[in-house]
Amino acid sequence: MGEAQDVVVTRAEPGPPDRWGRASLVVLRLALGVLWLSNSGWKRPPDFGEERGVGLHRFTSFAVEHEVFPPYAWFVETVVLPNFRVFGWVVLVTEALLGAFLLLGLLTRFWGLVGAAMSLSIALSVLMAPEEWPWAYYLMIGAHLVVAGAAAGRWFGLDGVLRPVWGERRSRPARWATWLS
Amino acid sequence: VSHDERVRVAAVVIAAAVMAMGGWGLVASRGMGITEPDGVLLGWRAFEAGLLTLNPLGAGLTLAVGALALAGAFLRRWVVVAAAAVVLLVMAAQVLVQWGGTPNALGSRGSNLSFWSGAGIGLATLATAAAWSRQPGRSVRPGARRAEGAR
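Keep in mind that what you see is a predicted model, and the values were worked out from it rather than measured.

Caption draft 1: Region of the structure containing the overall build of chain A. Along the backbone of chain A there are 8 helices and 0 strands. When the helices and strands of chain A are placed in sequence order, the string is α-α-α-α-α-α-α-α. Its C-alpha radius of gyration of 21 Å places chain A more than 25% over the 16 Å reference for a compact globule of 181 residues. In terms of overall dimensions, chain A has a C-alpha envelope of 80 × 50 × 30 Å along the principal axes. Relative to its full complement of 181 residues, chain A shows a buried share of 45%. For chain A, long-range pairs separated by at least 24 residues make up 70% of all intrachain contacts whose partners lie at least 6 apart in sequence. Separation between the mean location of the 16 positive side-chain charges and that of the 15 negative ones in chain A comes to 12 Å.

Here it is in structure tokens:
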């Protein structure tokens, strides 16, 4: 009979991504930034397509015409469409800022989550519309969650440059910035 | 590489991107009216990757502001970088005021709002960080970035 031996299992701490991992995160973040930058180009004020039933108004109306989730369809029908110009401005500014902050890699965790929420909102409008590919929206949501979860702005992004400064400052905005990046 | 140098390199990259977009716009918009409301589209429409639209005035201004920011970053004149950032934010505000109507002095659209505001916010943030770390008694710990990355 052999001597009993204690086996010690240590939990390996995952390190930061290697070179290829970092490069992948940078490419993904920049691609999502270009996606929002490019798509903020066709949401044209002041009516955002309301008068002719085109553009952002048409895609938003799909939430009612091709219902995905009844409470969301009700919200769009009773709140969004009657106040469409306000909604149009909110969408335009949010998408433009998503493009800006994801390209910069600034406050990336926060803006990654905002991107996931925007993608979910778009999915709930157009998922059942003709000639849409639902997986495109699942992939959009997933990609934003990866960027947020991996804090992709810490590599080749301003989060990586500025977090040491925020760490040294004791102010509340600096603490928030550290938390959101 | 010191932290100050990393801040400077980041500002140079943003300024160079602004200059590149302005230069591209200047070439693409040649022959167009200087304040044409519908600027020329930069990017790749076939791949659904249209970027900014610019007329010659918008392109020239973008190029000039990018050059100003680049000079400021190279010379470590952070006031100049901050001034360039303010001009970029004013250009972004122009989109909110004029896009979709006439006049649209810079030939811009929503994508310009994203690009100009991003460049302005980025340069302003870097200028602020550089100014803060240059104050007497302030310094960013060496190796702090490596420790942050491991978190």
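Caption draft 2: Region of the structure containing the overall build of chain B. Helix and strand counts for chain B stand at 5 helices and 2 strands. For chain B, the N- to C-terminal ordering of α and β elements is α-β-β-α-α-α-α. Seen through its principal axes, chain B has C-alpha atoms that stretch 50 × 30 × 25 Å. Looking at chain B residue by residue over its 151 residues, the buried ones come to 46%. For chain B, restricting intrachain contacts to residue pairs at least 6 apart in sequence, the fraction spanning at least 24 positions comes to 61%. On chain B, the mean spot of the 13 positive side-chain charges and the mean spot of the 6 negative ones are 12 Å from each other.

Caption draft 3: Molecular detail of the nonpolar core. Counting 84 residues, the largest nonpolar core has Leu106(A), Leu107(A), Leu158(A), Leu88(B), Trp116(B), Leu123(B) and Leu126(B) as its most contacted members. No other element matches the 10 residues that helix α4 (residues 110-133) of chain B contributes to this core.

Caption draft 4: Structural detail: the pairing of strand β1 (residues 40-44) of chain B. Residue and element names in this part refer to chain B. Looking at chain direction, β1 and strand β2 (residues 49-54) are connected through 4 bridges and run antiparallel. In the strand pairing of β2, Trp44 is matched with Ala49. With antiparallel pairing between neighbouring strands as the criterion, β1 and β2 make up a hairpin whose turn holds 4 residues, including Glu48 at a positive phi of roughly 55 degrees.

Caption draft 5: Structural view of the interface of chain B and chain A. Contact residues are listed per partner, giving 36 residues for chain B and 32 residues for chain A. Summing the contributions of chain B and of chain A, the shared interface buries around 2900 Å²; its carbon and sulfur component is 66%. In this structure, the connection of chain B to chain A is made through 1 salt bridge. Note that Asp38(B) is salt-bridged to Arg44(A), the shortest N-O span being 3.8 Å. The tally of links between chain B and chain A comes to 8 residue pairs in polar contact (both at pLDDT 80 or more). Sort the elements by how many residues they give to the side of chain B that touches chain A and α4(B) lands first, with 13 residues. Class assignment for the residues of the side of chain B that touches chain A results in 16 nonpolar, 12 polar and 8 charged.

Caption draft 6: Highlighting the pattern of salt bridges. On inspection of all chains with the given rule, the structure shows 6 salt bridges over all chains. Lys43(A) is paired through a salt bridge with Glu95(A); the nearest N and O atoms lie 2.8 Å apart. Of the two residues, Lys43(A) is situated in the loop between α1 (19-39) and α2 (55-65) and Glu95(A) in helix α4 (residues 84-104); the sequence distance between them amounts to 52 residues. The pair formed by Lys43(A) and Glu95(A) is uniform in burial state, with each residue classed as buried. Here Glu5(B) makes a salt bridge to Arg8(B), at a shortest N to O gap of 3.1 Å. Of the two residues, Glu5(B) and Arg8(B) are both situated in helix α1 (residues 3-28); the distance of 3 residues between them amounts to about one turn of the helix. The class of Arg8(B) is buried, set by a relative accessible area of 14%. Shared partners join several salt bridges into a network, and the residues in it are Glu50(A), Glu51(A) and Arg85(A).

Caption draft 7: Layout of α2(A). Taken as a whole, α2(A) has its buried residues at Leu56(A), His57(A), Thr60(A), Ser61(A), Phe62(A) and Ala63(A). Elements in contact with the buried residues of α2(A): α3 (70-80), α4 and α5 (108-126) of chain A.

Caption draft 8: Focus on the packing of aromatic side chains. Residue and element names in this part refer to chain A. All chains considered together, the criterion is met by 9 aromatic pairs over all chains. Centroid distance Trp135 to Tyr138: 4.9 Å. Interplanar angle 85 degrees. Geometry classified as edge-to-face. Here Tyr138 and Trp135 lie together in helix α6 (residues 134-149), a separation of 3 residues that amounts to about one turn. The structure contains a cluster of three or more aromatic residues connected by ring pairs, namely Trp42, Phe59 and Phe62. The cationic tip of Lys43 hangs over the ring face of Trp42; the distance from NZ or CZ to the ring centre is 3.8 Å. Lying over the aromatic face of Phe59, Arg58 brings its terminal NZ or CZ to 5.4 Å of the ring centre.

Caption draft 9: Focus on empty space enclosed by the protein. Applying the stated rule across the entire model yields 1 cavity of 30 Å³ or more. Roughly 40 Å³ of volume is contained in the largest cavity. In terms of residue class, the lining of the largest cavity is made up of 3 nonpolar, no polar and 3 charged.

Reading the values: the criteria
- Residues numbered from 1 in each chain as written.
- Chains lettered and ligands numbered in written order.
- Predicted model: local features only at pLDDT ≥ 70, side-chain atom pairs only at ≥ 80, totals over all residues.
- Heavy atoms only, no water.
- Helix = DSSP H or I, 4+ residues; strand = E, 2+ residues; numbered from the N terminus.
- Rg over C-alpha atoms; globule rule 2.2 N^0.38 Å.
- Buried < 20%, exposed > 50% of the residue type's maximum accessible area, 1.4 Å probe, protein only.
- Contact = heavy atoms within 4.5 Å.
- Lys, Arg positive; Asp, Glu negative; His and termini not counted.
- Charge placed at Lys NZ, Arg CZ, Asp CG, Glu CD.
- Core = buried A, V, L, I, M, F, W, Y, C linked by side-chain atoms within 4.5 Å.
- Pairing = 2+ DSSP bridges.
- Buried area = accessible area lost by both parts, 1.4 Å probe.
- Salt bridge = Lys/Arg side-chain N within 4 Å of Asp/Glu carboxyl O.
- Polar contact = N/O pair within 3.5 Å; in protein donor to acceptor, adjacent residues only side chain to side chain.
- Nonpolar A, V, L, I, M, F, W, Y, C, P; charged D, E, K, R; others polar.
- Phe/Tyr/Trp six-rings, centres within 6.5 Å; stacked < 30°, edge-to-face > 60°.
- Lys NZ or Arg CZ within 6 Å of the ring centre and 35° of its normal.
- 1 Å grid on protein atoms, 1.4 Å probe; cavity = no way out; pocket = protein on both sides within 12 Å on 5 of 7 lines; lining within 4 Å.
- Points joined across faces, edges and corners; volume = space filled by probe spheres on them.

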